[in-house]
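Okay, here's what each chain looks like letter by letter:
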Amino acid sequence: MATQDLATRSAEILENLTEIRSRVQQAVSSSSGSSKSATLVAVSKYKPASDIQACFTDGQIDFGENYVQELEDKAKALPTEIRWHFIGTLQSNKAKVLAAIPNLYSVQTLTSIKAATGLNKSLPPERTAPLNILIQVNTSGEDSKSGLGPLRADTKDVAAAELTQLARHIIKECPRLRLQGLMTIGALEQSLNAGNENADFERLKETRDVLIKALAEEFGVGVDKWGEHGRLLLSMGMSSDFEAALTAGSDIVRVGTGIFGTRHKK
Ligand SMILES: *Cc1c(COP(=O)(O)O)cnc(C)c1O
């Protein structure tokens, strides 16, 4: 892009970013959740490195990407202070490339023991920080969404559920990973259903509460064991529903279109 176009583009993105930040702040302060802060992850898939650089210059350090190759290329080209969140479908054969990215901060879409083992094994020896892991939960039950089944207050054998088994595997067998929370996308109709309670957000909260109880019983609540002081974070809410998600108690929102505009596939 020509210099002038780039400046115009940056100004436009920064205006969007400023607006989204203030809406996040407002929703957090009116939320019922215990936390009074939330992380805004700027979802930059398909967007050029210059867009990310513009946000970074304005203090944005959390960015989300969906494709391993694209993330690897951008991580090489952009400042190492960026915290990259992987939010795409993770194939176990890509775990190694992903884990090698030095400033990979979290993987929000873990769904299998195999991928957990692969990530844990592939983190480079020189990396000291644990890799944050969120397990993806398919709260809406749609075939098009990936994720493990949710837990419910009346789930009979919580310990045997796939989600609990994966959480346990991360805690017991993957010392270089840190179980940080749960992530969901949810059904579009729930997010369009503004004003009403979002059933998928409520389901993720219930899943989190049931899982926390099971983990606390099995492992106790230690700062280094899992979560953050016995808490598990919730990553829910995108451009169309991040305010509703924050009001419902989300800790991490992932906003792409609201900051960078519509995406055009490459
Ligand atoms: C693309 C994507 C987002 C961002 O979606 P927008 O509607 O553009 O805000 C958030 N989460 C995931 C998992 C995504 O793939």
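All figures in this text were calculated on a predicted structure; none of them were measured in a lab. (Residues numbered from 1 in each chain as written. Predicted model: local features only at pLDDT ≥ 70, side-chain atom pairs only at ≥ 80, totals over all residues. Heavy atoms only, no water.)

Side chains of strand β8 (residues 252-255) alternate between two faces, with I252 and R254 and V253 and V255 buried alike. Looking at chain direction, strand β1 (residues 39-43) and β8 are connected through 4 bridges and run parallel. Counterpart to V41 in the pairing with β8 is R254. (Buried < 20%, exposed > 50% of the residue type's maximum accessible area, 1.4 Å probe, protein only. Helix = DSSP H or I, 4+ residues; strand = E, 2+ residues; numbered from the N terminus. Pairing = 2+ DSSP bridges.)

Take helix α1 (residues 3-29) next. The terminal C-alpha atoms of α1 lie 39 Å apart, and with 27 residues this matches the ideal 39 Å at 1.5 Å per residue to within 8%. Those residues of α1 that are buried are in contact with β1, α2 (49-57), α9 (242-247), β8 and α10 (257-260). (Expected span 1.5 Å × (residues − 1). Contact = heavy atoms within 4.5 Å.)

With that settled, consider the UniProt feature "modified residue: N6-(pyridoxal phosphate)lysine" (unreviewed entry) in the protein chain. Residues annotated in UniProt with the feature "modified residue: N6-(pyridoxal phosphate)lysine" (unreviewed entry) correspond here to K45. Note on placement: K45 falls in the loop between β1 and α2. When neighbours within four sequence positions are excluded, K45 is seen to be in contact with G64, E65, N66, E70, K74 and R263. (UniProt positions renumbered as here; feature names shortened; annotations may be inferred.)

Here we take up the site of the ligand. Lining the immediate environment of the ligand, one finds 13 residues, of which K45, N66, S239, G256 and T257 sit closest. The backbone of G256 places a nitrogen or oxygen atom 2.8 Å from an oxygen atom of the ligand. A distance of 2.5 Å separates an oxygen atom of the ligand from a polar atom in the side chain of T257. Burial of the ligand by the surrounding chains reaches 89%, relative to a free accessible area of 390 Å². When each cavity is represented as a set of grid points, the ligand is found to reside in the largest pocket. (Near = heavy atom within 4 Å. Polar contact = N/O pair within 3.5 Å; in protein donor to acceptor, adjacent residues only side chain to side chain. Areas by Shrake-Rupley, 256 points an atom, 1.4 Å probe, with all protein chains shown as cover. 1 Å grid on protein atoms, 1.4 Å probe; cavity = no way out; pocket = protein on both sides within 12 Å on 5 of 7 lines; lining within 4 Å. Sits in = over half its atoms within 2 Å of the grid points.)

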